[in-house]
Amino acid sequence: MFRDGDGYIVVPHFFCPQDNLRERQESTGARYLDWQGRGLITATPGNVIDFRVVEDRIRELCQTYSVQEIACDPAMARNLLNNLLEDGLPAIEHRQGSLSMMPAIVELQRAIIGRKFKHGGHPVLRFCFANVEAETNAAGHIVRFTKQKKWLSIDDTVASAMAVNRASAGGSAAATSLYDSDDRESAIAGFN
């Protein structure tokens, strides 16, 4: 995610276990095998996501861009978070409880409604957003994203909320822009 004035440009990266691609496609009707073939999903060996592949991609992105923060939910990525921190990369915890996610979801919603959330029509990201259901509290505030069925992925919707939350918080992530990168053109191709 890159800041773009008072908005955001999202360049998503997706990972899926190789052994689950066909089952996910058959269960959801989504085009997982096509997406993998087109390079829109990175399939990791086996039937669970290989976090080493994810970590390697994060490291590649840190070498290409001036990454200000890497927000991780420690519940499922504690080792990844620790590995990045040990190597001096700017990883931070971003838990997915309502205290952290409510402001994140509000900012994501604000950006989408204000047409300040650019994603280039990425089909996998669209699929994730289409699968989201909002869980609200008694006051009607969205407290978290949920999904109806196991294979309906919403992970990048949650990651998008986490990313816009960190950038909007005024921390270091908000201080840079995609336009500060030497490789800006390849990163935003098709996102305007």
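Residues numbered from 1 in each chain as written. Predicted model: local features only at pLDDT ≥ 70, side-chain atom pairs only at ≥ 80, totals over all residues. Heavy atoms only, no water.

A few words now on unusual backbone geometry. Here the phi dihedral of Arg115 falls at roughly 55 degrees; this positive angle occurs in a residue that is not glycine. Relative to the helices and strands, Arg115 is located in the loop between α5 (98–113) and β7 (117–118). (Helix = DSSP H or I, 4+ residues; strand = E, 2+ residues; numbered from the N terminus.)

Pairing of strand β8 (residues 133–136) with strand β9 (residues 142–146), which is carried by four bridges, proceeds in the antiparallel orientation. Residue pairing across strands places Thr136 opposite Ile142, the latter belonging to β9. In this antiparallel pair of consecutive strands, β8 and β9, the connection spans five residues, and Gly140 shows a positive phi of 90 degrees. (Pairing = 2+ DSSP bridges.)

To continue, consider the side chain of Glu107. Mapped onto the elements of the fold, Glu107 is located in helix α5. Not counting the four nearest positions on each side in its chain, Glu107 is found in contact with Tyr8, Val164 and Ser168. (Contact = heavy atoms within 4.5 Å.)

Once that is clear, we can look at the nonpolar core. Counting 29 residues, the largest nonpolar core has Tyr32, Trp35, Ile41, Met101, Phe117, Phe145 and Ala161 as the members making the most contacts within it. Among the nonpolar cores identified, the runner-up in size contains twelve residues, and Phe15, Ile70, Leu81 and Leu84 belong to it. (Core = buried A, V, L, I, M, F, W, Y, C linked by side-chain atoms within 4.5 Å. Buried < 20%, exposed > 50% of the residue type's maximum accessible area, 1.4 Å probe, protein only.)

Let's shift gears to a nonpolar patch on the surface. A surface patch of nonpolar side chains, amounting to about 300 Å² of accessible area, comprises Ile49, Phe51 and Met76. Mapped onto the elements, Met76 comes out in helix α4 (residues 74–86). (Patch = residues over 30% accessible without salt bridge, like charges linked within 9 Å, V, L, I, M, F, W, Y side chains within 5 Å. Areas by Shrake-Rupley, 256 points an atom, 1.4 Å probe, with all protein chains shown as cover. Salt bridge = Lys/Arg side-chain N within 4 Å of Asp/Glu carboxyl O.)

So, about helix α7 (residues 155–168). Owing to its 3.6 residues per turn, the α-helix aligns residues three or four sequence positions apart on the same side. Between its first and last C-alpha, α7 extends 20 Å over 14 residues, near the 20 Å set by a 1.5 Å rise per residue. Among the residues of α7, Asp156, Thr157, Val158, Ser160, Ala161, Met162, Val164, Asn165 and Ala167 are the ones counted as buried. (Expected span 1.5 Å × (residues − 1).)

Ordered in space as β1-β2-β7, the three strands form an open sheet in which the pairing is mixed. Every other strand in the sheet has two partners, leaving β1 (2–4) and β7 as the edge strands with one partner each. In this structure, strand β2 (residues 7–9) lies alongside β7, joined through two bridges in parallel fashion. Bridge pairing in β7 links Tyr8 to Phe117.

Turning next to the packing of helix α3 (residues 51–64) against α4. Angle between the axes and distance between the axes are the two parameters that describe a pair of packed helices. Closest axis-to-axis distance for the α3/α4 pair is 10 Å, and the angle between their directions is 40 degrees. Taken together, the axes of α3 and α4 are oblique relative to one another. Read as a crossing pair, α3 and α4 show a hand that is right-handed. Between α3 and α4, the residues in contact are Phe51, Val54, Glu55, Ile58 and Arg59 and Met76, Ala77, Leu80, Asn83 and Leu84, respectively. Looking at the contact of α3 with α4 residue by residue, the class counts come to seven nonpolar, one polar and two charged. (Axes fitted to C-alpha atoms, helices over the stretch in contact; angles between N-to-C directions. Parallel < 35°, antiparallel > 145°, perpendicular 65-115°, else oblique. Left-handed = near helix turned anticlockwise from the far one by under 90°. Nonpolar A, V, L, I, M, F, W, Y, C, P; charged D, E, K, R; others polar.)

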